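So you can see what is in the structure, the chains are spelled out below.
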Amino acid sequence: MLMSTRNEVAVPDPALLQRFDIPGPRYTSYPTADRFVDAFDAEAFAGWLAKRGESGGQIPLSLYVHLPFCNTVCYYCACNKVITKDHGRTAEYLKALAREVELIDSRLTGPRQIEQLHFGGGTPTFLSNDELRQLMALLTSHFPLAPKGEYSIEVDPRSTPPDKVAALGELGFNRMSVGVQDFDPEVQAAVNRLQSFEMTQATIEAARRADFKSVNLDLIYGLPKQNRVTFAKTLDKVLQLSPERIALYHYAHLPERFKPQRRIESADLPSPQEKMSIMLDAIQRLTEAGYQYIGMDHFAKGDDDLARAQQQGRLHRNFQGYSTRPDCDLIGLGVSSISKIGPTYSQNVRELDEYYDRLKNGILPTARGVLLDMDDLVRRAVIMALMCHFEVSKEAIEQSHLIKFDEYFKREVAALKPFQDEGLLENTKEWINVLPRGKLLIRAIAMSFDRYLRSDERIRKYSKIV
């Protein structure tokens, strides 16, 4: 085996970054969600729920709940959300979730104990403490929580005062992802998200009092009014808060696709060069402060479970990002949520009214999905190994999928040559190993193995890699 460089990251020359800075998937799944088809419908999803227990295996189960409501719109946001001041709207949604849970429970076979639970949005903390208790009671009555599971929730400090944090801890949540994006007041005003440092600090300190095991803090670079100087000051405050994990996302300005982004003035955005400098400065600051580069846009302290999982070769990636848990079956609840059962993916309808109508008629709200074939499965194994561990054991892939790696992937191996020539990866008889200089370009490297990108000539609407 090659000397592992899993825990190292190096920044290549900016010109090289720009050369490979192409639009590409984030690979929370393979095939990616834009490859799902309408032919995989509610009946197909129900069939795979019923097949889950046939093998007699003990595949772990994960649960994702999408809670779409927000008090106000953040202009940068591309999530599936419902902006409303009417907190009464959550009652109907909780009833719909209860119907969806019952429909799934009546069809699901196999183990029901939950190893992972994640509430995403929208703003999950839009719900009141009583509504959160009601929802958790619903879920745990059908899906008991494992004693040492990973139970996380996305929170907005503006709707998560210390008493709500304490309530979340009492409900069993042990991980929290805190939305910040930027602490600069001008940047916050430009994206319609005014949130003081003190408010954020109070939420994080409350999480620690409630014995949360890990706090993640979300940042975005490339926002309007942002520059290297202002973002350096944001990083000062982030390091003062000392979260266990940090996500450093890049802002993709796509106003033609996401209506709220039309309120952002293009002239206020940092130049591509400034944006890249902000990113490179942040990577240097975070790694010097002791954070380990996990991959993509994620960092973790060396003693965090995420860093340990990568060090031990057991890191996984799913629709919520990087995960410390084994590859689980995933049930997604709520509008637009995605499930993964066996060799399938499926996604719920995106519109709230359609979601309600289907459930009132006793129909699972599945809109589309995909059944993976053998080629999908082997490519997914390679892409996920690259995304999680920056290396692929050709022998492991050969034994698991009964192929000869270099023969099967002759075209893909040839596509790696430009990355080899630039010193971004090594390709030997036994291994593909991404070097520290290549890690920031892992999405571009993984794309070499994506059959659908190769066969589709139309312009993809992905965000750029850097």
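Residues numbered from 1 in each chain as written. Predicted model: local features only at pLDDT ≥ 70, side-chain atom pairs only at ≥ 80, totals over all residues. Heavy atoms only, no water.

Student: Looking at this model, I keep getting lost on the state of the cysteines. Mind explaining?
Tutor: Disulfides are covalent bonds that link the sulfur atoms of two cysteine residues. Throughout the structure, instances matching the rule amount to zero disulfides. Here C74 is not disulfide-linked; the sulfur of C77 is the nearest cysteine sulfur, at 6.4 Å. With no disulfide partner, C77 has as its closest neighbouring cysteine sulfur the one in C79, 3.8 Å distant. Residue classification places C77 among the buried residues on the basis of a relative accessible area of 13%. (Disulfide = S-S within 2.5 Å. Buried < 20%, exposed > 50% of the residue type's maximum accessible area, 1.4 Å probe, protein only.)

Student: Just checking my understanding: could you explain unusual backbone geometry for this structure?
Tutor: The phi torsion of most residues other than glycine is negative, and most of the peptide bonds are trans. Of note, the bond from Y30 into P31 is cis; its omega dihedral lies within 30 degrees of zero at -5°. For P31, the location among the structural elements is in the loop between α1 (14-19) and α2 (42-51). Across the junction of G121 and G122, the peptide omega takes the value 20°, indicating a cis bond. Relative to the helices and strands, G122 is located in the loop between β4 (114-121) and α4 (129-142). Unlike most non-glycine residues, N192 shows phi in positive territory, near 65°. Looking at the secondary structure, you find N192 in the loop between α6 (185-191) and α7 (197-209). (Helix = DSSP H or I, 4+ residues; strand = E, 2+ residues; numbered from the N terminus.)

Student: Looking at this structure, how should I read the packing of helix α8 (residues 228-241) against helix α9 (residues 272-288)?
Tutor: A pair of packed helices can be characterised by two numbers: the angle between their axes and the separation between those axes. Running from N to C, α8 and α9 cross one another at 25°; their axes reach a closest spacing of 10 Å. It follows that α8 is roughly parallel to α9 by the angle criterion. α8 and α9 meet at a crossing whose hand is right-handed. Together, R228, F231, A232, L235, D236 and L239 of α8 and E274, S277, I278, D281, A282, R285 and L286 of α9 make up the contact between the two elements. (Axes fitted to C-alpha atoms, helices over the stretch in contact; angles between N-to-C directions. Parallel < 35°, antiparallel > 145°, perpendicular 65-115°, else oblique. Left-handed = near helix turned anticlockwise from the far one by under 90°. Contact = heavy atoms within 4.5 Å.)

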